[in-house]
Amino acid sequence: MSEFLQLLFEGLSLGATYALVALGFVVIYRASGVINFAQGAMLLLGAYLISWLAVDVGVPFGLAVLAAMAALGAFGAGFHRIALRRVVGQPTFVLVMITIGAGIAVTAGVSAIFGDNQRLLGDPWGSSAFHVGSITITWVKLSGIVVAAAGVAVYFAFDRYTRWGLAMRATAADEEATLSAGVPVRRVHALTWALAGGLATLGGLFLAGFPNAPSPTLGDAALRAFPAVVLGGLSSSVGAVVGGVLIGVVEVMTSGYAPSWLGTNFYAVAPYVAMIAILLVRPYGLLGVKPAERL
Amino acid sequence: MSDSLLCVRDLTLRFGAVTAFAGVSFDVAPGELFAVIGPNGAGKSSLFNALSRVYEPCDGTVTFEGRDFLRLAPRQLAGIGIARSFQNLGVFPALTVLENVMVGRHHLMRAGALRGGLGLARGEERRHRVAALEALEYVGIGPMAGAAVQTLPYGLQKRVELARCLAMEPRVMLLDEPVAGMDATERAEIADLVARVHRERELTVLLVEHDMGMVMSVAERILVLDFGVPIAIGTPAAIQRDGRVIRAYLGEELEAVA
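Cut-off values and rules
- Residues numbered from 1 in each chain as written.
- Chains lettered and ligands numbered in written order.
- Predicted model: local features only at pLDDT ≥ 70, side-chain atom pairs only at ≥ 80, totals over all residues.
- Helix = DSSP H or I, 4+ residues; strand = E, 2+ residues; numbered from the N terminus.
- Rg over C-alpha atoms; globule rule 2.2 N^0.38 Å.
- Buried ≥ 20, exposed ≤ 12 C-beta atoms within 10 Å, placed from the backbone.
- Contact = placed C-beta atoms within 7 Å.
- Pairing = 2+ DSSP bridges.
- Right-handed = clockwise from strand over helix to strand, strands pointing away.
- Axes fitted to C-alpha atoms, helices over the stretch in contact; angles between N-to-C directions.
- Parallel < 35°, antiparallel > 145°, perpendicular 65-115°, else oblique.
- Left-handed = near helix turned anticlockwise from the far one by under 90°.
- Nonpolar A, V, L, I, M, F, W, Y, C, P; charged D, E, K, R; others polar.
- Expected span 1.5 Å × (residues − 1).
- Core = buried A, V, L, I, M, F, W, Y, C linked by C-beta atoms within 7 Å.

### Re the overall build of chain A
For step 1, the next point in the chain: Within chain A one finds eleven helices and two strands.
For step 2, the next point in the chain: Sequence-ordered secondary structure for chain A, helices as α and strands as β, is α-α-α-α-β-β-α-α-α-α-α-α-α.
For step 3, the next point in the chain: In terms of overall dimensions, chain A is globule-like: its C-alpha atoms have a radius of gyration of 19 Å, near the 19 Å expected for 295 residues.
For step 4, the next point in the chain: Burial analysis of chain A (295 residues in total) assigns 52% to the buried set.

Shown next, in the form of C-alpha cells:
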C-alpha cells in the first residue's frame, strides 16, 4: 500500500507538470490549429534560463522563475510574429514543420551555449524531503503540484473571465466572425504563444527538479506530455489537465509495477499505450468534441 | 453625391474567367437602409464579401466617408464603425449568449492581457457587460444571457449575432441575407428588428437579401443585380414596377404569355 501511495504522489507530481506542458499545446492548437512541436524546446529554454539567472547571475529564485516566464512569453510571441505570421494562409502543416525546425534549433542552441552536462537548477528545495508514514515527500515534487495547480487555476480564470480569454475562445470557434467583431485575431494568436511560453517554463522548472536537473534532453518530456493532449482532446483545456495528470500517474505506476519481461524502460511507452487504448474508445479524446463540418 | 457615406463606383470582381459582378455603382446616404437583391447567382454574396473586405475587387473604387475603403484591412472595419453579420450565422456556439455579445465590445475596451489577467480591469469589464446586456434586451433575448448559444433555435441565434453587431456601436451594419433559412414568422420578426434598429438607432444599413418580402418591407432604396450586372436602382415601389426586374425574377416567357 505504501509503495502505491509513494508512486501515486510521484505520479501526481509528474502529471501536474505534464498538465502545464499539455495546456501549452492546447492553448495554441485551439486558437490556430497548430501543434507546437517547439514546446519541448521552450520548456528546455525556460529551465535553463531559470538555472542561469538563479545560479550564474544570482537572482533570487522566485524572481528568476518569474523573469524566465516573462522571457519565454516574449520568446513565444516573438516567434509567432517573426516566423509564423509571414506564412499565414499556408497549410497548417507548413506551420507545424516550422515549429519542429525551431524546436531543433533552440535545443541545439541551448546545448551550444550551456554544454551537454547537467546543470544546477538553483532551486531552494534541492533533495530535501519529509516523511508521512513510510512515504517520502520531496519538497520539490510537492511544490510542483501546488505551483502547477495554481498555474492551471490562473490560466482558467484568465480564459474564463478576461476579455482576452474570451477573445481566445471566440477565435477558436470562428476566426472570421471574431475578426469582423473587431478582435485583433493576430494579437490573440501571439498571446496564445506567450501563454504557452510561460506554461512551458513552469513545466520545465519542475521537470528539472530533483532527482533530475537541467540537461539538453529535458525537452523530450514534451513528447511524453503529448499523449496527454491527444488523450484529453486536442482542443480541450480541461482535457489537457486531466490527460496530463493521468499520463503522469500511468508513467510512474508502470515504472513501479511493470513486470520485468516488459523491459526496464517500458514506462516511457506506457503513456502512448494508454493514449491508443483511450482513442480506440473515444476517437476525439476524453473531452474533445467531434469537429462540426459546415456544409 | 458628396453627402453619401458609402460610395461604390464601377466595382468589378472576377474569379479567373468568371465574372461575379461588373460595373456596380451606388451610393448609400447616412442613415439609409439600402438593399441589394437579385436572383440566385446574381452576385449578391460576392458583392457583400467585396464590401466586407473578404474578396479583393479587380476594378472600381469604394470610398467610405471620403476614405479609400479598399485599402482597409478586415480587422480595421470595426474601428471605423462597420459591423457585419454572416449568412450562415457567425456566432460562437459553445459560448454563452452574453459572451458572444461581449466579443463585440472587445475593440471598445482598453485593458491589455496583463492587466486583465491580474484582475485589474474589473470596472471596465463590468461597464461593458451592462452595454452588452442592453443590446440583448434590445433584440429581445435578455433573459437568455447565460444560455449557450448552441442550445437556442436558429432564429434566436441570429438575434445573438445582431446583438453583437449592435454592441460594437457601429454606424453601419452590413447584413448578409439575415433571414436565409428561416420560416415566415422568423423572417417577419427579423425584418421588424432590422427596421427598428435602423429607425431607433439611426444606423445606416446595407442589406443583401434574397427574400423579396423582407426587402420590400424594410428597404428605402434597392439595387437589383442580375447575372452580376446592375439592372435597376430605386425605391421599392419603383423596383416593383420595373420591367427588367420582373423579367429577371419571373423569366421572359411569362411576359410573352401576358
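Here the narrative resumes, following the displayed structure.
### Description of the overall build of chain B
For step 1, the next point in the chain: Each helix and strand in chain B was counted, giving ten helices and ten strands.
For step 2, the next point in the chain: Oriented by its inertia axes, the alpha-carbon framework of chain B measures out at about 70 × 40 × 35 Å.
For step 3, the next point in the chain: Within chain B, buried positions represent 44% of all 258 residues.
For step 4, the next point in the chain: A fraction of 67% describes how many contacts in chain B between residues 6 or more apart in sequence connect residues 24 or more apart.

### Here we look at the pairing of strand β7 (residues 172-176) of chain B
Consecutive residues of a regular strand have side chains that alternate between opposite faces of the sheet.
Residue and element names in this part refer to chain B.
For step 1, the next point in the chain: The buried fraction of β7 amounts to five of the five residues, a majority that puts the element mostly inside the structure.
For step 2, the next point in the chain: Alternating positions in β7 separate into two faces, Val172, Leu174 and Asp176 on one and Met173 and Leu175 on the other, with burial throughout.
For step 3, the next point in the chain: As paired strands, strand β6 (residues 82-84) and β7 are joined by three bridges and run parallel to one another. Across the sheet, the residue bridging to Ala83 is Met173, located in β7.
For step 4, the next point in the chain: Two elements, β7 and strand β8 (residues 204-208), share five bridges in a ladder whose sense is parallel. Within the sheet, the bridge partner assigned to Val172 lies in β8 and is Thr204.
For step 5, the next point in the chain: As a crossover connection, the stretch from β7 through helix α6 (residues 184-200) into β8 is right-handed.

### Concerning the packing of helix α3 (residues 61-84) of chain A against helix α8 (residues 185-207) of chain A
Residues and elements named next belong to chain A.
For step 1, the next point in the chain: At a closest axis distance of 7 Å, the pairing of α3 and α8 adopts a crossing angle of 140°. Classified by the angle between their axes, α3 and α8 sit oblique to one another. As α3 packs across α8, the resulting crossing turns out to be right-handed. Facing α3, whose interface residues are Val65, Ala68, Met69, Leu72, Gly73, Phe75, Gly76, Ala77, Phe79, His80 and Arg81, α8 presents His189, Ala190, Trp193, Ala194, Ala196, Gly197, Gly198, Ala200, Thr201, Leu202 and Leu205.
For step 2, the next point in the chain: For the contact of α3 with α8, the per-class residue count stands at 14 nonpolar, seven polar and one charged.

### A closer look at helix α2 (residues 39-57) of chain A
Residues and elements named next belong to chain A.
For step 1, the next point in the chain: Along its 19 residues, α2 runs 25 Å from first to last C-alpha, staying within 8% of the 27 Å computed at 1.5 Å per residue.
For step 2, the next point in the chain: Within α2, 15 of the 19 residues are buried, which leaves it mostly tucked inside the rest of the structure.
For step 3, the next point in the chain: Just downstream of α2, Gly58 is the residue with a positive phi angle, here 90°.

### A look at the sheet that holds strand β2 (residues 18-28) of chain B
Residues and elements named next belong to chain B.
For step 1, the next point in the chain: Strand order in the open sheet made by the four strands is β2-β1-β4-β5, with antiparallel pairing throughout. Edge positions in the open sheet fall to β2 and β5 (67-68), since each of these has one partner strand only.
For step 2, the next point in the chain: Across seven bridges, the pairing between strand β1 (residues 6-15) and β2 is antiparallel. Bridging across to β2, Cys7 finds its partner in Asp27.

### So, the interface of chain A and chain B
How big an interface is tends to be reported as the loss of accessible area on association of its parts.
For step 1, the next point in the chain: Of the residues lining the interface, 22 residues belong to chain A; the matching set on chain B comes to 28 residues.
For step 2, the next point in the chain: For the side of chain A that touches chain B, the secondary-structure elements that each account for two or more residues are α6 (163-173), α7 (175-180) and α8 of chain A.
For step 3, the next point in the chain: Taken together, the residues of the side of chain A that touches chain B break down into 13 nonpolar, four polar and five charged.

### Some points on the nonpolar core
For step 1, the next point in the chain: Grouped together as the largest cluster of nonpolar side chains are 168 residues, with contacts concentrated most on Ala19(A), Ala22(A) and Leu23(A).
For step 2, the next point in the chain: Discounting chain neighbours no more than four positions away, the residues touching Ala19(A) are Ala148(A), Val152(A), Ala240(A), Val241(A), Gly244(A) and Val245(A).

### Section: the environment of Thr162(A)
For step 1, the next point in the chain: Tracing the chain through its elements places Thr162(A) in the loop between α5 (139-161) and α6.
For step 2, the next point in the chain: In contact with Thr162(A), not counting residues within four places along its chain, are Gly116(B), Gly117(B) and Ala121(B).

### A look at the sheet that holds β8(B)
Residues and elements named next belong to chain B.
For step 1, the next point in the chain: One open sheet holds the six strands; their spatial order is β6-β7-β8-β3-β9-β10, and the pairing between them is mixed. Either end of the sheet is taken by a strand with one partner, and the two such strands are β6 and β10 (229-234). Neighbour-to-neighbour, the strand axes of this sheet turn through a mean angle of 15°, independent of strand direction.
For step 2, the next point in the chain: Taken together, the five bridges between strand β9 (residues 221-226) and β10 define a ladder with antiparallel strand orientation. Looking at the pairing, Leu223 lines up with Ile233 of β10.
For step 3, the next point in the chain: Sitting on the sheet, helix α1 (residues 44-51) is in contact with β3 (33-37), β7, β8 and β9, with an inclination near 145° to β8.

### Describing the packing of α2(A) against helix α4 (residues 92-114) of chain A
Residue and element names in this part refer to chain A.
For step 1, the next point in the chain: Running from amino to carboxyl end, α2 crosses α4 at an angle of 25°, the nearest separation of the two axes being 8 Å. With respect to α4, the element α2 is oriented roughly parallel. Relative to α4, the crossing made by α2 is left-handed. Contacts between α2 and α4 involve Gly40, Ala41, Leu44, Leu45 and Tyr48 on the former and, on the latter, Ala102, Gly103, Val106, Thr107, Val110 and Phe114.
For step 2, the next point in the chain: Class assignment for the residues of the contact of α2 with α4 results in eight nonpolar, three polar and no charged.

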